[in-house]
Structure formats: structure tokens, C-alpha cells
Amino acid sequence: MAVLTVLSPPTNPLLLTSSPSSHSVSYYFNNNCGANCCNLHTSISKWTPFFTDSNQKPERAKSKLQSMQSQMVPGFSNSSGNGCSWIKDNSSIHYSTGDHGKSEGPLHSVFPTRPVSVSSVENLYEFICAGPLLDKVGLNSDKVAESIDKWLLCSSHLCRLFQLNEMDLSEAQKIRIFHYYIPVFLWCEQEIADHSSKFKDEEDIPPLVIGFSAPQGCGKTTLVFALDFLFRFSGRNTATISIDDFYLTAEDQAKLRQENPGNALLELRGNAGSHDLPLSVETLTALSKLTKEGTKLKLPRYNKSAFGGRGDRADPSTWPEVEGPLTAILFEGWMLGFKPVPIEVVKAVDPQLEIVNKNLETYFDAWDKFIKSWIVIKIKDPSYVYQWRLQAEIAMRADGKPGMSDEEVMDFVSRYLPAYEAYLPTLYAEGPSGSDPNHLLVVPIDEGRNPILGN
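As the structure is a prediction and not an experimental result, all values here were calculated from the model. (Residues numbered from 1 in each chain as written. Predicted model: local features only at pLDDT ≥ 70, side-chain atom pairs only at ≥ 80, totals over all residues. Heavy atoms only, no water.)

Notes on the pattern of salt bridges
For the record, the criterion: One speaks of a salt bridge when a side-chain nitrogen belonging to Lys or Arg is within 4 Å of a carboxyl oxygen belonging to Asp or Glu. Numbering of helices and strands runs from the N terminus, with a helix taken as a DSSP run of H or I at least four residues long and a strand as a DSSP run of E at least two residues long. Only protein chains enter the accessibility calculation, which uses a 1.4 Å probe. A residue is then buried if its area is under 20% of the maximum for its type, exposed if over 50%, and partly exposed in between.
Following the criterion strictly, the structure yields 15 salt bridges and no others. The salt bridge partner of Arg313 is Asp276, with a shortest N-O separation of 3.2 Å. Taken as a pair, Arg313 in strand β7 (residues 312-313) and Asp276 in the loop between α9 (250-259) and α10 (277-288) lie far apart in primary sequence, 37 residues in all. The exposure class assigned to Asp276 is buried, which follows from its relative accessible area of 17%. Here Arg389 makes a salt bridge to Glu393, at a shortest N to O gap of 3.2 Å. With Arg389 and Glu393 both in helix α14 (residues 383-398) and four residues apart, this pair spans about one turn of that helix. Using a relative accessible area of 32% as the deciding quantity, one classes Arg389 as partly exposed. A single network of salt bridges, built from pairs that share partners, joins Lys150, Glu189 and Arg236.

Considerations on the nonpolar core
Rules: To qualify as a nonpolar core, a set must consist of buried Ala, Val, Leu, Ile, Met, Phe, Trp, Tyr and Cys residues joined through side-chain atoms within 4.5 Å. Contact definition: two residues touch when any of their heavy atoms are within 4.5 Å.
If you look at the biggest cluster of nonpolar residues, it comprises 107 residues, and the most contacted ones within it are Leu287, Phe331, Phe338, Trp367, Ile375 and Tyr423. Ranked by the residues each element gives to this core, the list is headed by helix α7 (residues 171-196), at twelve residues. Contact partners of Phe338, with chain neighbours within four places excluded, come to Leu360, Asp368, Ala419, Tyr420, Tyr423, Leu424 and Leu427.

Structural notes on the sheet that holds strand β11 (residues 440-444)
Here is the rule: Pairing between strands is defined by DSSP: at least two bridges between the two strands are required. Think of each axis as a best-fit line through the C-alpha atoms, taken over the contacting stretch in the case of a helix, with angles from 0 to 180 degrees between the N-to-C directions.
Taken together, the five strands give an open sheet; going across it, the order is β4-β9-β3-β10-β11, and neighbouring strands pair in parallel fashion. Every other strand in the sheet has two partners, leaving β4 (238-242) and β11 as the edge strands with one partner each. Direction aside, the axes of adjacent strands within the sheet are offset by 15° on average. Bridge analysis of strand β10 (residues 373-378) against β11 gives five bridges, and the strand direction is parallel. Residue Ile377 lies in a different strand from β11, and its bridge partner there is Val443.

A word on the pairing of strand β9 (residues 328-333)
β9 sits mainly inside the fold: six of its six residues count as buried. Here β9 shows two buried faces, one formed by Ala328, Leu330 and Glu332 and the other by Ile329, Phe331 and Gly333. Sheet topology note: the strand β3 (residues 208-213)/β9 ladder contains six bridges and is parallel. Following the sheet pairing, Phe212 is matched in β9 by Glu332. Where β4 meets β9, five bridges bridge the pair, whose relative direction is parallel. In the strand pairing of β9, Ser242 is matched with Glu332.

Regarding the environment of Thr426
By secondary structure assignment, the location of Thr426 is in helix α16 (residues 417-430). Here the alpha-carbon distance between Thr426 and Lys339, two residues 87 residues apart in the chain, equals 7.9 Å. With sequence-adjacent residues up to four places away left out, Thr426 is seen in contact with Lys339, Val341 and Gly431.

A word on the pairing of β3
Counting buried positions along β3 gives six out of six residues, so the element sits mostly inside the fold. Relative to β10, β3 runs parallel, the two sharing four bridges. By the bridge assignment, Phe212 is partnered in β10 with Ile375.

Observations concerning the packing of helix α6 (residues 148-161) against α7
Geometrically, a packed helix pair is captured by the angle between its two axes and the distance between the axes. This is how the line gets drawn: When an angle is under 35 degrees it counts as roughly parallel; over 145 it counts as roughly antiparallel; between 65 and 115 it counts as roughly perpendicular; any other value is oblique. By convention the crossing between two helices is left-handed if the near helix lies anticlockwise of the far one by an angle smaller than a right angle, and right-handed if it lies clockwise. Residue classes follow a fixed rule: Ala, Val, Leu, Ile, Met, Phe, Trp, Tyr, Cys and Pro count as nonpolar, while Asp, Glu, Lys and Arg count as charged, and any other residue, Gly among them, counts as polar.
Contact pair α6 / α7: the axes reach a minimum separation of 11 Å and the direction vectors enclose 115°. Taken together, the axes of α6 and α7 are roughly perpendicular relative to one another. In this structure, the crossing between α6 and α7 has a hand that is right-handed. Judged by residue contacts, Lys150, Trp151, Leu152, Cys154, Ser155, Leu158 and Cys159 of α6 engage Ile177, Phe178, Tyr181, Ile182, Pro183, Phe185, Leu186 and Glu189 from α7. Of the residues contributing to the contact of α6 with α7, the split by class is twelve nonpolar, one polar and two charged.

Some points on unusual backbone geometry
The omega torsion of the bond from Gly324 to Pro325 falls at 0°, within 30 degrees of zero and hence cis. Within the secondary structure layout, Pro325 lies in the loop between β8 (321-323) and β9. Despite not being glycine, Phe307 shows a phi value in the positive range, around 50°. Among the secondary structure elements, Phe307 is positioned in the loop between β6 (302-303) and β7. For Arg449, which is not glycine, the phi torsion reads 70° and is therefore positive. Locating Arg449 in the fold gives a position in the segment after β11.

This is the structure we're talking about:
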């Protein structure tokens, strides 16, 4: 079996950051499909409803959950687990709809630990149906009941991916899996189905490009990682790519810095103008043509640690290779979908942003026009980015790894905040540049990176 070079799973899920490093997960595909994996490769795309009477769906969903749980192998539990039963606790879930949202656990952790709110297996169905994204992704309680086995299989695989004990999940872990990752995955599946339906049987179907626009540190890389993993187990071949992969080389970045002396927003990589747009077009165009068996392409990657942290494009010999046919391309970035705003707006935010705003005019043709389905992860306050980055660095230092000081974090984030302040309002009000509202999913999240109720 070919090695699939994607994003590596975390070794410590309780300190999982939003940006796992590049690594091979071939081990998971070769070794994690044991007896209780239910052969997801062949079954996940073939699930059919098992209810015929709509009035019986909720009760039968609970019965199905009980039946499936009793058949699960308990060996995956750790010493803190409680065998084959869900954790019992009296805590409750809080979703915020306004300014006083409740965070779930420490901000630096993608999977914080808090007592679980699901008191029994019978309540899992209601727990899923209470998710804030259910209506947004076109689901309801009946549809959940029809596909409850699929939800559990996806959950089982995500637990194995992130090395979580599926019999002893915290509240935040359940929220992340059942209220976030699985609903988004099911939405993406429907988007792929809609995309494929536009082509005739004899036609090659180009991969659907799904764009993920989300601020730094909010967990978009981990979300894409989880989706890519589920797609592969459902028999779909996907490619993941980030706008970071298209940063200028160190040499060209130095030229950009020299051409804009004194502009802190272009001193280092990040803002519009610091990307190799021709490479973007070349790569996305080539990926879209991977529709046949045997077609291959190496994906560019960027080494952020080169030149003392200033970064440089990774050596092409290290670039991962993807092979067709591709079903989808998962394209993520912090400024994906940003569009230029009136000059008076950028000047009011930061005069240095004027050249960035001008540079942004060329980004639609390089990035956004390739994207047909969009996921926008929406935050209430750009200052969350600073909090997330600071806590991630604190966690790294506590773990004995080199991390930025508090002052360095402030300097780093300050180079991005003007763009957030200038472009996020338009992104949230109008959607990404060139997006179709019928193929746009907006996911509001709180400070704890959990989805919340909201527009």
C-alpha cells in the first residue's frame, strides 16, 4: 500500500495544537482497521436507512446505539475509563448565542478535558440532535436516526485517529466529534454528491475544491486533518493544501521586504503579497486534472523553521505526492476568501495595509475562483488569535519545547490583526469572494474553538 503523506496525528491529544506537523499516517490505514473497525473502507459510503416508520426512528436509534455498544470490544479503554458504558456526570452543555459564550476547557487544547455531559447511551441520540450545526448542514432528528450507525463508525475512527478513548470521552471531545467534525464531514459529502451530479456518466469528474477560511489557531488544520482521514476511509481520495504552501521563497521574501521598507505587515511572510501566486495557479490547475488512475502530482510545502524562523520553500525532494483520481481538494488558509475593501477602510485600520489591500486584488484568480464549496469558521473577536497563539506557546514551553515569549507572540500576531480587522467583517457579511450562498457553511466558534449557535 502506498504511503499517504498527510498531517500527522498528535501523540498527546490533551495538548493537541491546531497545526500538526507533516507526517505519514500509513500506519493508521494499515493497522487500525481491526475487528471493531467495521471495514469502513467498504461500508461507509453504502449505508442505507434502517428505519421505515418515521415515528419509531428516535426510539429505534437509541436501541441501535445500545445494541452497537454492547457489541463493541472493551479493550480500547484506558485505566481511567469505565468499560463499555458512557461516563455518567451531571454537568450540562452551554452554547452561547451572544457575548457571553462559555468556553469548554483550556484554549490551547483542541480536546480539553471536562466531565462528560452525556449521562447514558440512550442520551447520545439527543446529544447529537442538540448540535448547533445540524440544521446548517441540512440534517434533522429523523436523518440522524436513519444514519446513526454511520455517526458511530465515524466517531470510532476519529477516536482512533486522535488516540482518544471512545468509551470515556470528555464533554469537549464529544462536542468536537459529534457537534463539529462529523456534521461538517457529512456536509462535505453532500457537496461532493451535488458536484458529481453535474457531470454525465462518461465524463471525468474533476475534484471538488473545498475552501476552509479560518483565523490562525482556531483548529482549521486539525479539522481538515480529520476530514481527510474520514474521506480516505470512505473510499475517497483527497488532497490537502494550505495557503502557507505558497509562500514566497526566502529570496523573494527578502526582495519584498526591501521593496516595502518600514512596512511591518510585509516584513515577514503572511499578508497578501507574500505568496507565489503563479505557483498557486499552477498547483491548483494541475490538481484539478487528477481525474484518472496513475496521474500524480507533487505538492509544494513550506519550511517555516528555515532561516531562523523566517522560512523558505521546502526542498522539492521532500514534497508529498498525491495520485489520482481525486474526489476533493481541501484547501485551507487564514485569509482565504478575503477581498479588497475601500481604501478609506484600510487606512482607518492601519495605513500600512494599503499596499496589502492592493495586492489582494490579484488573489481571486489565484485562489478563490478554484473553490466551489466554502467553510468559513467565524470568530467573534480577532483577539482570540492572540489568546490561542499565546496559550499554544505556553503549552510548548511547558512541554520542554522551544516557544515564543509573550512579547514575541504579540509581535507575531500584530502583523495579522490589521487584516482581520479590515477583512473579516466583509467576509462574514458577504461570504468569501465569488462564493455561492448555497454552497457555503458558516461555523461560528467560541473561545474554546467549539461550534456555537449563531448566524
